[in-house]
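The primary structure of each chain is shown beneath.
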Amino acid sequence: MSALGVPDVLHHARITGVGAYRPRRVVPNSEIVAAIDSSDEWIQERSGIASRHRASDDETVVAMAEHASRGAVEYAGIDASQLDAVLVATVTHPYQTPAAAPELAARLGSRAAAFDISAACAGYCHAISVANDMVRVGTAEHVLVVGVEKMLDFTDPEDRGSAFIFGDGAGAVIVSRSEVPGIGPTVWGSDGEKKSLITSRSSWMELAANRDLAWPAIIMEGPSVFRWAVWSMATEAQRALDAAGVRPDELAAFIPHQANVRIIDQMVKALGLPKDLPVARDIVTTANTSAASVPLAMERMLREGEVAPGGLALQIGFGAGLVWAAQVVTLP
Ligand code: UT7
């Protein structure tokens, strides 16, 4: 019997391009407060959010992903035909099947392997880990990774606990074979016993059986999620630093999931990050875009010159599941 041919050489992988798409329409807090008996002051003080982008009917999950992907492909200096895989992290593509990724690949003129990843606000960091492993083993040389959400299609504008939190948008990166390491080990995990903390209000089957049920918007037990994030996620971020052998003073940026500016501030404190370290606070004008939040924040920091290409960034995603993933990456 002949031996199975398998790759025995590991390559390095790094992020070579980043792109973003923010929907045209900006919705300030003043437009949403009446429906939830709230105020601009309360929302800004409790979450840091001042406004969010809201996608229109033509700005679908796939359309937003396409815009962001074209930017990432151009930044990386490759042609979409060179992509070997397309990974889309999303929980708001409105079709149970097919996935968003094959349609996105086709729009880009690619016939690469394409599939979606469902890990909520941690989806992008999960996809980076998968893409990194694909490139390292040699399954792919260039992988498109997209985090994209149309959260406001799945938000109840009258739900006080979530109506002000979410926003729409897309961020994309290219993970490519590299001469030097550019993506550190991923630290990740799940706690499915806490599945009810962030969840759809009902399943599609429950809705089908009872058409009087409300639209299955995403709802959450905010304070419980807040405590979990503040207590547990800094530890996971520290583990990602340790796994990569990187000290806080060697970082060029901290890019955590944009869930709440108070969670970000607490994590900065718990990690003991240097006072002058650039920290992503894209949440102020983008709100919480779930899987899109980390790549959107990274794109803004690079575009606005807050950080330079080549620096090390600690990134972490966490959310519904509950699930989380973190790694240190070299900025493109
Ligand atoms: O992306 C996935 C991960 N998601 C997260 O990480 C979200 C984590 N959670 C949070 O960010 C926060 O829990 C929220 C921003 C959602 C809420 O902030 P909070 O400080 O936890 O508020 P709370 O729910 O504990 O409510 C505090 C007070 C209550 O009044 P009393 O009982 O103190 O009199 C609420 O009734 O604020 C009241 N309240 C509101 N007031 C104005 C609750 N929601 C609102 C509102 N507007 N929308």
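Since we're looking at a predicted model, the values are computed, not measured.

Rules used in this analysis
- Residues numbered from 1 in each chain as written.
- Predicted model: local features only at pLDDT ≥ 70, side-chain atom pairs only at ≥ 80, totals over all residues.
- Heavy atoms only, no water.
- Near = heavy atom within 4 Å.
- Polar contact = N/O pair within 3.5 Å; in protein donor to acceptor, adjacent residues only side chain to side chain.
- Areas by Shrake-Rupley, 256 points an atom, 1.4 Å probe, with all protein chains shown as cover.
- Helix = DSSP H or I, 4+ residues; strand = E, 2+ residues; numbered from the N terminus.
- Nonpolar A, V, L, I, M, F, W, Y, C, P; charged D, E, K, R; others polar.
- Axes fitted to C-alpha atoms, helices over the stretch in contact; angles between N-to-C directions.
- Parallel < 35°, antiparallel > 145°, perpendicular 65-115°, else oblique.
- Left-handed = near helix turned anticlockwise from the far one by under 90°.
- Contact = heavy atoms within 4.5 Å.

Novice: Account for the site of the ligand, with residues named and values stated.
Specialist: The environment of the ligand is formed by 20 residues, the closest being Ser-38, Arg-46, His-257, Asn-260 and Asn-288. In this structure, a nitrogen atom belonging to the ligand sits 3.0 Å away from a main-chain N or O atom of Gly-222. Take Asn-288: an N or O atom from its side chain is 2.6 Å from an oxygen atom of the ligand. About the coverage of the ligand: the protein hides 72% of its 960 Å² of free accessible area. For the shell around the ligand, the secondary-structure elements that each account for two or more residues are helix H1 (40-47), helix H6 (222-244) and helix H7 (261-271). Here the shell around the ligand is built from residues that sort into 11 nonpolar, 6 polar and 3 charged.

Novice: Tell me what's going on with the packing of helix H2 (residues 61-76) against helix H3 (residues 100-107), and back it up with residues and numbers.
Specialist: Remark: H2 packs on H3, axes separated minimally by 10 Å, with the N-to-C direction vectors making an angle of 50°. Classified by the angle their axes make, H2 and H3 are oblique. Once H2 is placed against H3, the crossing between them reads as right-handed. Contacts between H2 and H3 involve Val-61, Val-62, Ala-63, Ala-65, Glu-66, Ser-69 and Arg-70 from the former and Ala-100, Glu-103, Leu-104 and Arg-107 from the latter. Looking at side-chain class alone, the contact of H2 with H3 contains 6 nonpolar, 1 polar and 4 charged residues.

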